[in-house]
Amino acid sequence: MEYVGQIMPALLAGTWMTVRIFFWTLILALPLGMLVSLGEMSKIKPLKWLVEFYVWIMRGTPLLLQLIFVFYGLPILHIVFPRYQAALLAFVLNYAAYFAEIFRGGLQSISEGQYEAALVLRLSRWQTMSKIIIPQVVKIVLPSIFNEVINLIKDSSLVYVIGLGDLLRAGNVAMARDVTLVPLLLVGVIYLAMISLCALAQKKIEKHYSYYR
Amino acid sequence: MLEVKKLAKAFNGRQILKNISFTLNDGDILTIVGPSGAGKTTLLRIIAGLETKSSGEILIDGKEPTSGQVGVVFQDFNLFLNLSVLANITLAPQLVLKESDREAKKQALDLLKQLQMTGHEAQYPYQLSGGQKQRVAIARALAMKPKILCYDEPTSALDPELRQEVEKMILGLKKTGLTQLIITHDLTFAENVADQVLRVKPLSEG
């Protein structure tokens, strides 16, 4: 127990890094993903191709590799980001691509009839989207989005590769120094706690949207 | 009065409708009958402004129709799934006609009463039967005060025994002075409600 007290400050400092990456990635990647999904469905061909190329690269290569390229690769082109900003950039770009695919699926699952009903009632494009389409899409995509959100918490441990100290790395350091698995056990418990919070939020939000089917 | 003159429609070079002409007087009911593939639904979609015509004329009271003059009751109703019955009906009057909350709600409740749907305001579409959804779809269309109400196959998504109910409802709406245009493949139904029946046939290719 005394040992737990000794390593806890380091683990909590790592947790703080994990939470920051998680939080900012979510805040930035969700709206970006929405824009990207609109780009994927755009009638402007070059825009569509560009966006599809971006999604292809982001989903087609490991996030670990993308982190390395942003932090070590971009400086070759004289684009230099500090570690934390580089990690955020890579995470936001990667997660926006996945979110975009989820939003696209959600948008495409709304029947044409909803749009046509809105059209004959003379609702504007914006009114149709904000009052009818988007609320329905949100409900449809919630389970898939939360899957990604939970993945994100765990994926954030990849930032060790560019030298950031997150939760898992803090645990690793303590394990190697003290030759014991206890730190990793604690790391597991902390991840589990964070993810349980997310799952709880998911339940709450899904319940909120359960008033219709 | 709705006048359709020599209306034609072709999709990618394939002729769907040709030389359709009819006149529908205010307060009357016109049924358009024909087998599937005859272009009935396309005709309704053109009149409702959901589709463009290739040639011909559509006039409401002698003028090109402006949007909102034609109300539509879709085959599978297309109620807004995320909105309650009341909100389905009041949404467009509030947003488009700029009616106040109160006005829109009062009108919606009156329409629901007229359609024998009082008490269902707070329900969501998934909680309604087919016949009830249809009544809400009618109320939603009527709340926008259209000149003409069009139905796409109003009996096809319902149990057969509900047909007479639909007939009664449509004739009841006629008493209020509503002009109605009904697409159907059900001949008996068409004859029972119509002042005028228009028959369309599939056009042979080429």
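The rules behind the values
- Residues numbered from 1 in each chain as written.
- Chains lettered and ligands numbered in written order.
- Predicted model: local features only at pLDDT ≥ 70, side-chain atom pairs only at ≥ 80, totals over all residues.
- Heavy atoms only, no water.
- UniProt positions renumbered as here; feature names shortened; annotations may be inferred.
- Helix = DSSP H or I, 4+ residues; strand = E, 2+ residues; numbered from the N terminus.
- Domains from an automatic or database assignment.
- Contact = heavy atoms within 4.5 Å.
- Buried area = accessible area lost by both parts, 1.4 Å probe.
- Salt bridge = Lys/Arg side-chain N within 4 Å of Asp/Glu carboxyl O.
- Polar contact = N/O pair within 3.5 Å; in protein donor to acceptor, adjacent residues only side chain to side chain.
- Nonpolar A, V, L, I, M, F, W, Y, C, P; charged D, E, K, R; others polar.
- Pairing = 2+ DSSP bridges.
- Axes fitted to C-alpha atoms, helices over the stretch in contact; angles between N-to-C directions.
- Core = buried A, V, L, I, M, F, W, Y, C linked by side-chain atoms within 4.5 Å.
- Buried < 20%, exposed > 50% of the residue type's maximum accessible area, 1.4 Å probe, protein only.
- 1 Å grid on protein atoms, 1.4 Å probe; cavity = no way out; pocket = protein on both sides within 12 Å on 5 of 7 lines; lining within 4 Å.
- Points joined across faces, edges and corners; volume = space filled by probe spheres on them.
- Phe/Tyr/Trp six-rings, centres within 6.5 Å; stacked < 30°, edge-to-face > 60°.
- Lys NZ or Arg CZ within 6 Å of the ring centre and 35° of its normal.

A. Expanded view of the UniProt feature "transmembrane region" (unreviewed entry) in chain A. All names here are of chain A. Here the UniProt feature "transmembrane region" (unreviewed entry) sits at residues 21-41, 53-74, 86-103 and 181-201. Across residues 53-74, the secondary structure splits into 86% helix and 0% strand, with the terminal C-alpha atoms separated by 19 Å. The span residues 86-103 is 100% helix and 0% strand, and its two end C-alpha atoms sit 25 Å from each other.

B. Here's a closer look at the domain arrangement of chain B. Residue and element names in this part refer to chain B. Domain boundaries in chain B define domain 1 (1-69 + 149-161 + 178-206) and domain 2 (84-145). Computed over C-alpha atoms only, the centres of domain 1 and domain 2 are separated by 25 Å. Contacts between the two partners involve 6 residues from domain 1, matched on the other side by 7 residues from domain 2. Across the domain 1 to domain 2 interface the summed buried area is about 460 Å²; carbon plus sulfur atoms make up 71%. Interface area lost by domain 1 to domain 2 is led by Leu149, Tyr151 and Leu158, which between them contribute 65%. Across the domain 1-domain 2 interface, the total number found is 0 salt bridges. At the junction of domain 1 and domain 2, the tally comes to 1 residue pair in polar contact (both at pLDDT 80 or more). Of the residues that constitute the side of domain 1 that touches domain 2, the class distribution is 5 nonpolar, 1 polar and no charged.

C. Seen up close, the sheet that holds strand S2 (residues 14-24) of chain B. Residue and element names in this part refer to chain B. Spatially, 3 strands are ordered S2-S1-S4 in an open sheet, and the strand pairing comes out antiparallel. If you trace the sheet from one side to the other, it starts and ends with S2 and strand S4 (55-60), each paired once. In this sheet, adjacent strand axes meet at a mean angle of 20° when their direction is disregarded. In terms of strand pairing, strand S1 (residues 2-11) meets S4 through 5 bridges, oriented antiparallel.

D. Broad picture of the sheet that holds strand S7 (residues 179-184) of chain B. All names here are of chain B. Taking strand neighbours across the sheet as the criterion, the 5 strands line up as S5-S6-S7-S3-S8 in an open arrangement whose pairing is parallel. Each edge of the open sheet carries a strand with a single partner, namely strand S5 (70-73) and strand S8 (196-199). Strand-to-strand, the axes of this sheet are offset by a mean angle of 20°, without reference to chain direction.

E. Molecular detail of the nonpolar core. Leu2, Ile20, Phe22, Ile32, Ile47, Phe80 and Leu181 of chain B are the most contacted members of the largest nonpolar core, which has 97 residues in total. Broken down by element, this core gets its largest block of residues, 15 residues, from helix H4 (residues 83-108) of chain A. Residues from two domains meet in this core; each of domain 1 (1-69 + 149-161 + 178-206) and domain 2 (84-145) of chain B gives at least three. The residues touching Phe80 of chain B, leaving out its near neighbours within four places in the chain, are Gln114, Ala117, Ala118, Leu121, Leu123 and Ile132 of chain A together with Asn88, Leu91, Pro125 and Arg140 of chain B. Formed by 31 residues, the second largest nonpolar core is a distinct cluster that contains Ile138, Tyr151, Leu178 and Val193 of chain B.

F. A look at the layout of surface pockets. Residues and elements named next belong to chain A. As a volume, the largest pocket reaches approximately 450 Å³. In terms of lining residues, the largest pocket is bounded by 17 residues, among which Leu38, Met41, Leu107, Arg125 and Met129 are the most central. Taken together, the elements giving at least two residues each to the lining of the largest pocket come down to helix H1 (2-40), H4, helix H5 (112-120) and helix H6 (125-155). Per-element accounting of the lining of the largest pocket gives the leading share, 5 residues, to H6.

G. Inspection of the packing of aromatic side chains at higher detail. What the rule picks out here adds up to 8 aromatic pairs over all chains. An aromatic cluster is built from Phe91, Tyr95, Tyr98 and Phe99 of chain A, whose rings are joined through pairwise contacts. Lys139 of chain A extends its terminal NZ or CZ atom over the ring of Tyr212 of chain A, reaching a point 4.7 Å from the ring centre. The cationic tip of Lys9 of chain B hangs over the ring face of Phe11 of chain B; the distance from NZ or CZ to the ring centre is 4.8 Å.

H. Local environment of the interface of chain A and chain B. Taken together, the 18 residues of chain A in the interface contact 22 residues of chain B. Buried surface at the junction of chain A and chain B, both sides included, amounts to about 2100 Å², of which 65% is carbon and sulfur. Summed over the three residues of chain A that lose the most area to chain B, namely Val120, Leu121 and Arg122 of chain A, the buried surface amounts to 32% of that side. At the junction of chain A with chain B, the criterion picks out 1 salt bridge. Among the ionic pairs, Arg45 of chain B bridges to Glu116 of chain A, the shortest N-O distance being 2.6 Å. Our count for the chain A to chain B interface comes out at 5 residue pairs in polar contact (both at pLDDT 80 or more). Elements with a minimum of two residues in the side of chain A that touches chain B: H5 and H6 of chain A. Of all the elements, H5 of chain A adds the most residues to the side of chain A that touches chain B, at 7 residues. Class assignment of the residues belonging to the side of chain A that touches chain B gives a composition of 10 nonpolar, 4 polar and 4 charged.

I. Inspection of the pattern of salt bridges at higher detail. Overall, the coordinates contain 18 salt bridges over all chains when judged by the stated rule. Residue Arg104 of chain A pairs with Glu40 of chain A through a salt bridge whose shortest N-O separation is 3.8 Å. Highlighted residues: Arg104 of chain A in helix H4 and Glu40 of chain A in helix H1, separated in sequence by 64 residues. Given a relative accessible area of 25%, Arg104 of chain A falls into the partly exposed group. Look at Glu40 of chain A and you get buried, because its relative accessible area is 7%. When the shortest N-O distance is used, the salt bridge between Glu153 of chain B and Lys40 of chain B registers 3.9 Å. Separated by 113 residues along the polypeptide, Glu153 of chain B in the loop between strand S6 (148-152) and helix H5 (163-175) and Lys40 of chain B in helix H1 (residues 40-47) bring together distant segments of the chain.

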